[in-house]
Structures are given as structure tokens and as C-alpha cells.
Amino acid sequence: DGMAAPVHASMGETETEPIRPKVTDAKGILQQNREFLDFFWDIAKPDQETRLKAIENLIQYLKNSEKPDELKYTLKRLVDGLSHTREAARPGFSLALAQVLQVFEELPLQTALEHIKEKHDLQRVKKKLIRNAAFGNFFGVLSLSQSGRLSKEPKVVLECVQLLQSLAQYREHLKDLPRKTMVDILSETPEEVFEDVLLGALQSDLSSAFSTPEQLHLLLVAIQKFPGVLKPKKLKKLLGTTTVVTTDNIPKLIEVLKMAAKSVKKDQSLPSVGLDLLQVALREDNFDLFWREAVVKGLLLDQSGPCSYMCYRLLGSALPLLSLQQIRYVLSGEVMRHYGEHVLTAQLPDRFKFAPEMQNYVGAFLQACSDPDKQMAVMVGFSTLTNQGYPVVPSFWKVVEHLTVPVLHSYVEWLKAMFTHPQLDSCLDFSTKRQQQNQETEDTTQHRLFRLRKWIVPRLCSIVENVSVKKEEDLVMDIARFIFFHAFFDAKKSTPDIPETESALTLSIDDQTRNVLSNAFFGLLQHLTRLPVLGDAPDTSAQKQRHVLGVTADGTLWIFCLVQYADVLLSQTKYVRHVAPFTAEQRAAWDRMLATVEKMTRKAKKTESTDTFVFQQLFLLVGIQLFKAPEESVELIQDLHNCLEKAQEKTTTKKKKPAGVKGDEDEEPQWVEVVVDILLSLLSQPSRLIRQVCRTVFTGICPQVNQRALKAILDVLDPEKDEEESAVVVTDDKDSAKKSRKDRKTGEEDDDEEDEEEEESDSSEDDSVEEGEDEEEEEEEEEEPNVDENFRMELMKVLQGQNALATEGDESEDDDVDDETMMKLDDSISALFSEQKKRIQAKKDEKEKLRKEKALVRDFKIKVLDLVEVFLNKQPDSPLVFGIVEPLLGIIEGRMSSEANQQEQDFLRKTADIFRNQLCKAKRYCKSVEGMQAELHDMLERLLTRAQRQPDSSVSLYYFSAALYLVRVLKGNLSSSPDPAAGKSKAAAKPDAPAAEQALAPGLLDVERVAALFQAALAAFMTKRKSSLSGALFLDLFSRFPILSVRLLDGAVKHMMDGVRSHQQGQACALVLRAMQTREVRQSMTDSEWAELLGRVVHQVTESLKAMTGIKVKVDQEKVVKSLELGQFLVRTVQKQKLPVSLAQLQLALHPLSQMAGFRKTGHLEDTYWSVMKLLGVTKPKVEKVRKAEAEPATPKKKKGFLPETKKRKNRKKAPVPEVKGEPLKESGENGEKEGGQGKKKRNKNKNKNKRKQGFGEAGPGQAPAKKPKLQAVGKQKKTKRKLGGE
């Protein structure tokens, strides 16, 4: 006993009982083994990983120990911890107790349960600890249940269940945890134990099953677990009915389900009682009754969110449990219709959306279900839930990827059948209130049919585009052929050669649907051009490794397969009718195109050629475009033939011209120029397919691009040229603005998807229409004050013509005008205002048209930038790159100050990104610029001049970066002829030359000319108050090109004092430091030159620091920091290299800095200063913290109500105080001056603390006067102050 007490005290436990249980510890092992006791401390820690590790170590320790005393102590300690005040510790002790009981079976469960009841007795515990005791009992039973031994001891099972029943009254603390634990115990109890032991104890709970969800759940689990015990006769005694789901019990079940639904409102999950009730209904063969009466007519009619969501969750959870007939019944009922209405209304913002949860239910069902009929039934059921013909599930639905291959084929066939033979009556259709109001003026059948077909088309496309869907080439080709056929053809007769003709349309396709089909086809074609090879055959694996895209397994292009199919349709005029027949010229162009492609295909099989592949893709693309834009495509096909002939002639004659030759002698354009013109013409059309193919084609012809071809591309981007002068006409198709906008935002979605989003909800369309009308009205109201003068004159003429306008001398009234005249006047005014309204509307239409055209042109230019980006990626070492620099800078300069709408920002951002990343930061650059040195140096001079004249510093950055790019190019090219002025260029030209010599090698750079240009730019930056350049630009120059920094160093040293402002002087210090830290700069000088430079720089730093009068301003602080950093380098270099440079004046200039105001404002400045001073042998003084009691003599305590002397406002006009009374104040003042501002603040704080202590501590009779005298004293003091101030 004597040893147990200190052990418990050390572990921090508090025992309320007067007599502690005895612990056998004769040898004192518990006190000696610290490791054993630490396990229990770790189990109580909040970190879960720590708790689990401690439990594992405790079990292992007890296994190795085999000491009964430690095992008994472990049991007692774990039982005590079940009611731990820290909530995170209780589950840890419970789990530890369960593991100990599971591993050490010599510990009887009965003993453990008695310990739990004794320690956490709810009858004897104090009221404030009753919550902890309740949790102690609960976690104790839970640990016994988790030990796995409970089913072997029926008596303990009974006592555990009875204990859990007694805990039901503490629901405010434990919620429904005891009932759930009872369910867990039941699920692990053998049938014999349940029948012999538990059934009697649970009699009351089972009889009142319809009272609460927990009791009903207990009954349902018992019915499913022990069907042999709870037979119909037994249920008759318990419930009064032989089954749970009966007509009489339905109202009770509905109430219990409503309670359960509201109890899990925050959890957003299906209550366990709901799923178990569903399973019991299926077991009792009463599912139809349960679904119809309890769900549809009960829960669903409640109209509350939790009940509705519970119905949806029951629907999703029931799918794996139902038969095929039951699935069809459920998916065609009111719950599905209600779910569809929820999906439609949940599109509004701030609404809870159940659709993702339902998608998870359906996806889990399809993934686990192997029955193809059930899979098909679920897919059809959700696809036929429609809102005025449009299904509520999205066209791109992820669950499709879980379908097996046969079911996927069946689903595709069903979609095609619904398109050709739409069965609108089989759909579970609904309408919103607004849609029902609009139905009177619409043809509902045609409207629903159009919406259904509009959804089916993107659903078919999504199956091809979803990479997770397991599909074969035949299925992909089947979908593509189906969409193409119905977009451009009709069936006359059925023929087995064309499967699409065998299913005739019951309802014809209107033009709007054909437009959807056409857009969908070209969107699908765009996906096919980048589709990896399908299938797992050995011959496809090689193509997959080469990342071949857009071809079938045999290497044929997907687009070529579709062109061949189109040719078959055009030739079968007996069975197929072309909706928009080709003219003779168009058909001839088609036939010639096809023959050329077949010829090139045969040629490509023998020898692979980039030109052949490029022309093949172009011919196929333009050929398939005949179905969409026949007139333009005919001209393009003719141009392509001319290009092909010229390219073949060039190959035959072997006449090759260098790509960098400036201009072409021949007036006739080369084939590559014509191809570029064709690409530009194609890019003017709003199509992602064309954009992608043009990018691919241009990648192939990049090596052949000449200067005139590149100039044609850059002319399109030139902001100075009028858009009207451009040879390219930007086409304005329907919804082209929307498509171009989506091109930039999402490059992966199809054109038809945006139509689907528009048609998703009619209510949203109506709202947008109303908003548009409101906007138009607002615009009209805004324009009304600007009255047209011509309209005013015409109105005056009308009024004067009818004598209705009173003159100055006419005093007649309106009654003098007869009715006939008034009628004529009304008609004239009405006609006049009608014409004026038409004119205003015409102006608005013209303005809108111009805005759209401008947006189309901008979008076209964004797509043309793709070609520039491709060229810079593929040909960065071409001399033609230099011709791109200034046009791109012109775009950046022109667009930076123009209107800032989103499209303009995208164009500017893309241009800047291409210029910065693809040009200036490119790893490769042109290595052959001989003969272009003069031109490049002139360009460099222009760029630097433009950089200095820019009003915007961000634009100057791009010009300066371009100048550095040209310096890099010129310096990187090695001169073929020796330059005597270069100095060490011969040595630098050698590949094995030292790095410093290579860095100082001029190459083709005219160092003196370029250095003079940068010297002038640096002088302008340093001496002008308003400069668009920045110090960071010159820092970049000094870091990258030491050959220039050597020549600019003297100017930078001079500007350390001559800079127009402190900022420029600080930047000059930073430039000098960067140059002197460069190894190449040091190696370019002799020792004497280096020492002389150091002396000059030290002198400049000294003079700069002497000129400082204060460092309060941020700019001055930055300058001082830069100067100190440079000074630190100078002192360290002089001392390390032992150079004959005097540092005495620098040290003298540094001393006053620490006394200036603002010195301690930034820690960086102070730290840098003392690091320099340390190098000079001056250490930072330590600030001694002196206590107030030691620093100042004890002063007598002040009386309450009087201000201390330090708080009184001193009167400057007042006569000096006698010396005897002022001595203490004088001493304190002198101390304050010595200690500085910080000591003064500390003294003030200490005085405040003393005042507070005096206010709350004990006070003598003289220190605590009455309240009235206190106020009088303060009043007298104030009067005295005012009087003195007046004097």
C-alpha cells in the first residue's frame, strides 16, 4: 500500500475513493520500470499514431514480461482510462483493453466487466463526472465486444446487453452509440446464445421496435441474423403481425424512417435502419408494398429535404439488391421523376446537388454487377429520365466506363435506335411550371424530339472520347459513320452495304438537328486525329511506343477512312441522297482530291516523307470540309494541287535555296508560301479540328518555310495594318463567337457540348432572354438624351406642316385644332418615330456586328500565334527568327495600352509568353549569322533606344530582354577571321579554353559599339528622374555578360555619387558589387588595376556614406544597405588579399551611422552594419539589462489621486525649479538619456506595473484618502495647470 500511493501520484490520477485497491508489488517493479509506465502515458496522447504504437509496444512488452503483477496492473490502469477526461484518450484505452483481452485469454471477461462496473458506477459517481462515467461503461462494453471472446461467454454477453440498455437513458451524452453496439454484439452472437440468453433481455426493445429507429434497427438485424428464432409466430407475439412490412405497420414505419432521415441530416448518408428495412422487405417479398406505400406515398410526400434525399439514397442502394423487373419498376416511378426535378432545380447556385452521389451509386452498381440485362436496364432507365425530351443525366457520364463490352455495344445500338425511331412515350418526362406555360405556343413533339436527339449525339461522341471506356475500332467507326451519315445524307432505300440505310427515320431530321450533327462530327474528327491506337494486338504495341496518333491499327488515318466512307455514299445515289448535293465542279474537286490522296498513300508505303504526310493531311482536311463549306474548299483544293506540283518539281530538279536568304527573286510564290496562305485561310474558320491540323501541318513544313512565308504570318499579327487590308477573310458562322471563346478556355470539349449546356434548362434561357431585354432597354434609355438634330428638324417640319407648332406671337390654345388634323398629325409623328427607331436599331446592329467581327479577328490572330510558336520551337536556330523579334515586340507594345477585355488580355498574355519562353529563353539559337552582323547590331541599337523611350516599364523589360538575346547570339557566334582588337579571342575560340576566357570572348559582337550603347542606357537610367529602365535589367546584363560589365564598371562606380536619386545610387552600388564578384572581371585585370579599382570604390562608398544625413526614409535605407553590402565585400577582399588600400576613412564614415535616426528601423540594415564593423575590428556593444531596483533609488510611494512627476505636462515659460527639489528628476533624466529610448519605455512599463500593484495591494492610511478629497485634489491640480499655462 505504501508503494502504490506514490506510483499513482506520479501518474497524475486522482482517486476519490477512500480505500484504494491493493496492488501486489512486493519487489517494487512498478516503480523501477519507467518504460512500462510510459506506455499508458502515450496511450492517452491525442496523436493517433502515438497511441497505436504505444498499444503495440505494450502488448509486446507484456508478452515478453510474463509477470502477473504487471498484467493485473495493466487491466486496472486501462479500465481507469476508459473514463478519461480527454475525449481522444478514451478510444485509445478501449482499443488497448480489447487487444489485451484478446491476446491474454487468462484474463476472464467477467473480471474485466466487474472492474468496469465497479470503477464507473453511475449510482455512486458525482454529478459532474456522470458523463465520463457513462462513456467509461460504454467503452468498456465496446472493448469486450472487440476482443472477439464475447460470444464464448453467454453470461457476460447478457450483462453487457443489460448494461447497454441501462445507458439508453443517457442519450444526451452517448446519442445512439449503445444501440449500435448492441447491434454489433448481436451480429457476432451465435443463434443458441441469442435464443437462450439475449431474447428475454431484449424482449422490451424488440416489442417496441416501431418507437425509435435504433430499436427498429435492432429488430431488423435480429430478424436477418436469427431467422430461425424470430419466426412469424414469434414476431406475432412481439409485434402483433407475422411480418414487419404490412399495411398496418406502414404508418409506423414511415414515422420511424422520417426520424431516421432527420437524424442523419448533417452526415448526408443513408441510415442503417433504411437499408436493413429494405432488405427485410425483400426477404418478406413485400418490396412493392414497401416502395409504393412507405417510400412513394410516405417519405416522398413529406416534401422536406432529408426525406427526399433518403428516397434517392434508398433508390441508389436498392439497385444491387433488386431483380430485373424491380429495377425497371423503380426507375420508372415517382422517385425518379422527383429526382429529375431536383437535378434541374439544383443547377441554381447555393443549392445542394445530389447528382454526384447518385453517380457514385450507379457507378458502384455497374462495377459490381455482372448481369448484362441489369446493366442495360439501369443505363436505359437513367437515359429516359427527361425534361421535355432532354435527359437530366449529362451527355458525358463517367459511369459508362464501367459497362462491359457487350453492354456498351447494346447501349450504343439503343441510342442509335432512339435517334432514328424515337419512342418519346417510353421516357419518364416532366416539365417545370414555366415550361408548362410556354407549351401552349410550341409544338411540343418536335421540341422534345429535337432536345432528345441533341442529347444523343454528344452522348455517342462522349463514348469515343472517354479514354477510360473499353472500346474497339469497329465501335468507334460505327459511331463516326452514323453521325456523318445523318449529318449530310438521307436514306432512299435499304442496302446491306450501308448499314445506316437499314434503319429508316420515323421522323425526319430538321436543319437545326443537322447543324448539331455537323458540329458534332467535326468535333469527333478532331478527337480522332489525336486518338492513340486502339486494341492490344502485337502490331499495335509498336505504334503505341512511337506515340502514333490519329491512325487505326493498320496505320490508316481515321480521317482517310471517313473520306472513303463519304465517297461510297456519294457513289450510291440509288440508295442514298445527299442533303446538299455537290455541283459538277465540287464533285470533280472531290474525285481529284481522293485520287491524289490514294496516290500519296501508295507512295508513302514505299518511302516515308514529311511533305507527303503534310499534303495528305491537308487534302483530307480540305476535302472533308467540302461538306461544310464547299465553295471555299474547291479553291483551296486547287491551290493545294498547285503547291504539290511545285513541291514535286522542286524535288525533281533538286533546286534548293537557303532558308535564310532575304527575299526571293522569283515573282511567282513558292509552294510553301501557298501552303502557308492556305493554312491562314483555314485558321480563319472557327474550328478546333482545323486549328489542330494546321498546327500539325505547319510543324511538318517548318524546315521549308522561307522569309516571305513567315512575313505572311507576321503581317496578320501586325497591329499597325488595317484588318480590312488582310487577305484573309474571317468567317462568321453561327455561334462562332461562343466557339472561339471556348477554344481559348477549353481545348478539349466538343462544339456540341456548348449547345447542350445552353439547352440544359429552359428556365435559365428565359432568364437570360429577360436579362438581355433589360440590357437593351437600359441602352435605349442611355441613348435617348442624345437626340439626333436631323430627327429634330424633321419633327419640327411635321408639326409646322399641320399648324400644330405654336409660334412666338400665336396665343391660340390646343382646342383650336380639329380632330381630323390631330389624326393626321398622330399618323405623321408615328411614322417619323418608327423610322427613327429603325435607324437607332440599325446603328446598334452595325455596332454589334463590328464588335463581333473585331472579336473574330482577335481570335484569328490568337490562332495564328500558334504558327509562330511552332516555328520558334522547331526552328530556333534559323536566321528567320530575327525577323520575328520586332513584330512580337510591336504587338506587346501596341496591346499594352489598348482596351483590356478578356480576349485582348489572352492575346497579349500568349504573345508575351511566346516571346519570353520560346525566344529569349530558348536553349538553341542561330549559330550562323556571318554577313548579318551589321543588321543585328542596328537592330540591337533600335531595341535599346525603344526600351528607353517606353512610357511603360513592363514594355521596356521586353525590349531590353530582346537586346540581351541579340548580345547572346552575337557573342555565341565565333568569328571565322581573326580580330586583332579582340585580344584573347583566339584562345577563347578553342573548346578547351578556360571558362573565363570563353566568357570574355567577343565572338561576332562589336564590343565597343555595344558597350557604348549600354553605357548610354545606364547613364540615362542613373541621371534621369523618370526612366522606364530598372536596376534589375542591368543586374541581369552584368551577370550574364562579363565582357560588357568590365566596360560598364567605371560608369557604375562614377554613378555611386552622381546618381540623380538615392535609389539610383543604391542600384549603382549593387551593379559594382555584382561586377566585382564576377570571377571573369577579376581575371581581366592585373593586380595593380584591381587594387586601383578597389581604392576608387572604397573612396566612393566613403563619400556616399558621409553624405548621408538621415536614414528614416525607405529609399535611403535601401541605399545604405547596398553601400554596406559593397563595403563588406571591399573590406573582406582588401584584408584577405592584403592589398595596399586604406580603410581608415571608411571606418570613420561608418561610425556616425549607428547614431542616426532610423538606424534600428530594419534589422537587415543593423546586421549588415555590424558585420562590416566586425571586419574592421569594432564589435557590437552588448545592451545590459539593468533592473529598475538597482538603477534607481527607491522613491516614496505616491498618494492616490496625484499624477507622478513624469506624467505632468511641463511649462516651458515656468521659472526653473530649485536645485534641491530637482535633483532626483535630474538624475532620472540623465539616466534616461544614457539608456536611450528603450530604457525609457521599460521604466514607463515598470511604473505602470507598480501603479497597478499599488491599486490592488495593501495601502497605508495616508495612501488611501476618501473619494471626495481625491476629486478635489485633482481639480485643484488642473486649475493650477491652467493658471500656469495662462501666465
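Whatever comes next refers back to the structure up there.
Residues numbered from 1 in each chain as written. Predicted model: local features only at pLDDT ≥ 70, side-chain atom pairs only at ≥ 80, totals over all residues. Heavy atoms only, no water.

Enquirer: What exactly am I supposed to notice about the overall build of the protein here?
Expert: Across its full length, the protein holds 59 helices and 5 strands. Looking at the protein residue by residue over its 1287 residues, the buried ones come to 46%. Of the contacts made within the protein by residues no fewer than 6 positions apart, 74% connect residues no fewer than 24 positions apart. Taken as a whole, the protein presents about 68,100 Å² of accessible surface, with 50% of it coming from carbon and sulfur. (Helix = DSSP H or I, 4+ residues; strand = E, 2+ residues; numbered from the N terminus. Buried < 20%, exposed > 50% of the residue type's maximum accessible area, 1.4 Å probe, protein only. Contact = heavy atoms within 4.5 Å. Areas by Shrake-Rupley, 256 points an atom, 1.4 Å probe, with all protein chains shown as cover.)

Enquirer: I tried to follow the sheet that holds strand β1 (residues 385–387) on my own but got confused; where do I start?
Expert: The 3 strands are arranged β2-β1-β3 in an open sheet whose pairing can be described as mixed. Strands with a single pairing partner mark the edges of an open sheet, and in this sheet they are β2 (390–391) and β3 (428–430). Relative to the sheet, helix α21 (residues 334–345) contacts β1 and β3, its axis offset from that of β3 by approximately 45 degrees. (Pairing = 2+ DSSP bridges. Axes fitted to C-alpha atoms, helices over the stretch in contact; angles between N-to-C directions.)

Enquirer: Would you mind showing me how to read the pattern of salt bridges here?
Expert: Any two side chains of opposite charge can pair, on the condition that their charged atoms come close. Per the stated rule, a full pass over the model turns up 39 salt bridges. A salt bridge links K76 to D80; the shortest N-O distance between them is 2.7 Å. Taken as a pair, K76 and D80 lie in helix α5 (residues 68–81) at a separation of 4 residues, close to a single helical turn. Look at K76 and you get buried, because its relative accessible area is 15%. The shortest N-O distance in the salt bridge between D1050 and R1096 comes to 3.2 Å. One end of the pair, D1050, is in helix α50 (residues 1042–1058); the other, R1096, is in helix α53 (residues 1087–1106), and 46 residues separate them in sequence. You can call R1096 partly exposed: its relative accessible area is 30%. It is possible to trace a salt-bridge network through shared partners that takes in R691, R695, D866, E869 and K910. (Salt bridge = Lys/Arg side-chain N within 4 Å of Asp/Glu carboxyl O.)

Enquirer: I'm lost on unusual backbone geometry in this one. Help?
Expert: Most peptide bonds adopt trans geometry, and most residues besides glycine take a negative phi value. With a phi angle near 50 degrees, Q388 is a residue other than glycine that sits in the positive phi range. By secondary structure assignment, the location of Q388 is in the loop between β1 and β2. Q388 sits in the buried class, given a relative accessible area of 4%. For K1138, which is not a glycine, the phi torsion comes out positive at approximately 55 degrees. Looking at the element boundaries, K1138 is found in the loop between α54 (1114–1137) and α55 (1144–1150).

Enquirer: Looking at this structure, I do not really get the environment of Q918. What am I missing?
Expert: With respect to the helices and strands, the residue Q918 is situated in helix α43 (residues 902–920). Residue Q918 is classed as buried on the basis of its relative accessible area of 18%. Spatially, the C-alpha atom of Q918 lies 6.5 Å from that of N873, the residues being 45 residues apart in sequence. Aside from chain neighbours lying at most four places away, what touches Q918 is E869, L872, N873 and D913.

Enquirer: Explain α5 here, please?
Expert: Residues separated by three or four positions in an α-helix point in the same direction, a consequence of the helix having 3.6 residues per turn. Here α5 contains 14 residues, and its C-alpha end-to-end distance of 20 Å stays within 8% of the 20 Å for a straight helix at 1.5 Å per residue. In terms of burial, α5 is a largely internal element, 11 of the 14 residues being buried. (Expected span 1.5 Å × (residues − 1).)

Enquirer: Just checking my understanding: could you explain the environment of M600 for this structure?
Expert: Residue placement: M600 occurs in helix α31 (residues 584–606). Remark: the alpha-carbon pair of M600 and T612, spanning 12 residues in sequence, is separated by 6.4 Å. Residues contacting M600, with those up to four places away along its chain left out, are T612, F615, Q616, F619 and L644.

Enquirer: Please explain the environment of L557 as it appears in this structure.
Expert: Here L557 lies in the loop between α29 (538–545) and α30 (558–571). Taking the C-alpha atoms as reference points, L557 and Q616, 59 residues apart in sequence, are found 9.7 Å from one another. Those residues in contact with L557 that sit more than four places away from it in its chain are G550, V551, F613, Q616, Q617 and L620.

Enquirer: What is the right way to read a positive patch on the surface from this model?
Expert: Positive charge collects at one region of the surface, where K599, R602, K603, K605 and K606 lie side by side. Tracing the backbone shows K599 in helix α31. (Patch = residues over 30% accessible without salt bridge, like charges linked within 9 Å, V, L, I, M, F, W, Y side chains within 5 Å. Lys, Arg positive; Asp, Glu negative; His and termini not counted. Charge placed at Lys NZ, Arg CZ, Asp CG, Glu CD.)

Enquirer: Any chance you could explain the packing of aromatic side chains here in plain terms?
Expert: Each aromatic ring pair is described using two quantities: the centre-to-centre distance and the angle formed by the ring planes. Within this structure, the stated rule accounts for 36 aromatic pairs. Measuring from centroid to centroid gives 5.3 Å for F36 and F40, while their planes differ by 90 degrees, and the two rings are edge-to-face. Highlighted residues: F36 and F40, both in helix α3 (residues 34–43), separated by 4 residues, approximately one helical turn. The pair F36 / F40 is uniform in exposure class, with both members buried. Through pairs of rings, three or more aromatic residues link up here, namely F484, F485, F488, F489, F521, F522, Y565, F582, W590 and F627. (Phe/Tyr/Trp six-rings, centres within 6.5 Å; stacked < 30°, edge-to-face > 60°.)

Enquirer: Hey, could you run me through the nonpolar core in this one?
Expert: Generally speaking, soluble globular proteins have nonpolar side chains that are buried together. Ranked by size, the top nonpolar core spans 355 residues in total, and within it F698 and F1014 carry the most contacts. Looking at this core element by element, the count peaks at 12 residues for helix α45 (residues 953–972). Residues contacting F698, with those up to four places away along its chain left out, are V676, L679, V705, I713, L867, V870 and F871. (Core = buried A, V, L, I, M, F, W, Y, C linked by side-chain atoms within 4.5 Å.)

Enquirer: It is not clear to me how a negative patch on the surface should be interpreted in this structure. Could you clarify?
Expert: Among the surface-exposed residues, E585, E631, E632, E635, D639 and D677 lie close enough to one another that they form a single negatively charged patch. The element that contributes the greatest number of residues to the negative patch is helix α33 (residues 630–653), accounting for 4 residues. For E632, a relative accessible area of 41% corresponds to the partly exposed category.

These results come straight from atomic positions and should not be treated as a statement about function.
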